[in-house]
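Structural description and commentary
Chain residues, written in single-letter form:
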Amino acid sequence: MFLQKAWRTAAFGVFGYLNFTKSGFVEHSKKFKEDEMKIRIDGKNCVVTGANSGIGYAVAEALASSGGNVYMVCRNKERGEAAVSKVQSATGNQNVYLEVCDLSSISDIKSCASRFYSKEQPVHILVNNAGLIDNKRTTTPEGLEVNFAVNVAGTFCMTELMLPLLEKASPDAKVITVSSGGMYTSPLTADLQFSESKFDGVLQYARNKRVQVALTEKWAELHKNKGIGFYSMHPGWAETPGVAKSLPDFSDRMSGKLRTSEEGADTIVWLALQPKEKLVSGSFYFDRAEAPKHLPFAGTSGSHDIIDSIVDKLYSLCDLS
């Protein structure tokens, strides 16, 4: 067990340094096709969570530039309003809107979803971008460990509640969940809220991101006949406000080597723009290509067998029928 864990960490470090940095993006981008990012999505309704800064903001701006009606889901009203105004000015697209929602709160997400229901409009693209690394174990007022609340429960609840509106956009609907390469270091575990005595925020984040990848597989299986494509992806190691705050040592050590927010957002935008015929629902993407979900000899692949029990637990925790 110890040796396998050490192998995962070492393999992830080497693989990440070679691929997830800015230099990795520059190398991989040599194969990118410029025309693939010129596709228009005029009139399509796009929902982006965690959109006021970093990768989420870059995604919102790019989708607005491509003609989408963009709903920026942000926790803070003032910062959200400033971000919406900035996107409108930068793109000339006035169909950019703010939805205030705390993604750590199940009740807030339900209120947000009800506002979307009242619009009676299809949702063509849902980008589950909001994420959190909190290195101290804290719980939300609803009793959920806060990393889990945002990264897993929030993503699950938002996606499940949006399914009827995504079906309205069939066969063009897509759900894109922003995972992390950190998930390579952890198998799926039933200990969703980290009950161990010594809390490790980075490990919890990796576990959360592994759940997102397994959930994407499960959603793709369950809804394969509903005209919705489900994709998870890894943005690489990007220099964002969240990374600087949550991983200051890593941010300092990798200074000058990290991707920009726009480079981190590139594959999310690419997934949003491509015809679904080019994509594989349930797959994990990195730098505009399908990527492995497990590192060799890491012992993580078999762990996905417990996803059904995790889904049942999430339905219960989110009080969804």
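Residues numbered from 1 in each chain as written. Predicted model: local features only at pLDDT ≥ 70, side-chain atom pairs only at ≥ 80, totals over all residues. Heavy atoms only, no water.

A separate point is the packing of aromatic side chains. All told, the structure shown has 12 aromatic pairs when counted by the stated rule. Pairing F194 with F199 gives two aromatic rings, centres 5.1 Å apart and planes at 70 degrees, and the pair type is edge-to-face. Neither residue differs from the other here; F194 and F199 are each classed as buried. What links up through ring pairs into an aromatic cluster is the set F156, W219, F230 and Y315. Looking at K119, its charged tip hangs above the ring of F116, at a distance of 5.5 Å from the centre. (Phe/Tyr/Trp six-rings, centres within 6.5 Å; stacked < 30°, edge-to-face > 60°. Buried < 20%, exposed > 50% of the residue type's maximum accessible area, 1.4 Å probe, protein only. Lys NZ or Arg CZ within 6 Å of the ring centre and 35° of its normal.)

In this section: the nonpolar core. Of all hydrophobic cores here, the largest spans 44 residues; its most connected members are F156, M162, L166 and L215. With 12 residues, the single largest contributor to this core is helix α6 (residues 146-168). When near neighbours in sequence (up to four residues on either side) are disregarded, F156 contacts L215, W219, V311, L314, Y315, C318 and L320. By size, the runner-up hydrophobic cluster in this structure holds 34 residues, among which are V96, M233, A238 and V269. (Core = buried A, V, L, I, M, F, W, Y, C linked by side-chain atoms within 4.5 Å. Helix = DSSP H or I, 4+ residues; strand = E, 2+ residues; numbered from the N terminus. Contact = heavy atoms within 4.5 Å.)

On the basis of which strands lie adjacent, the open sheet formed by 8 strands has the order β3-β2-β1-β4-β5-β6-β7-β8 and mixed pairing. Every other strand in the sheet has two partners, leaving β3 (96-100) and β8 (289-290) as the edge strands with one partner each. The sheet contact formed by strand β5 (residues 173-178) and strand β6 (residues 228-234) spans 6 bridges and is parallel. By the bridge assignment, I176 is partnered in β6 with Y231. Against the sheet, helix α3 (residues 54-65) engages β1 (45-49), β2 (69-74), β3 and β4 (125-128), with an angle of about 165 degrees to β2. The strands that helix α5 (residues 106-119) touches are β1, β2 and β3; relative to β3, the one it contacts most, it runs at about 140 degrees. (Pairing = 2+ DSSP bridges. Axes fitted to C-alpha atoms, helices over the stretch in contact; angles between N-to-C directions.)

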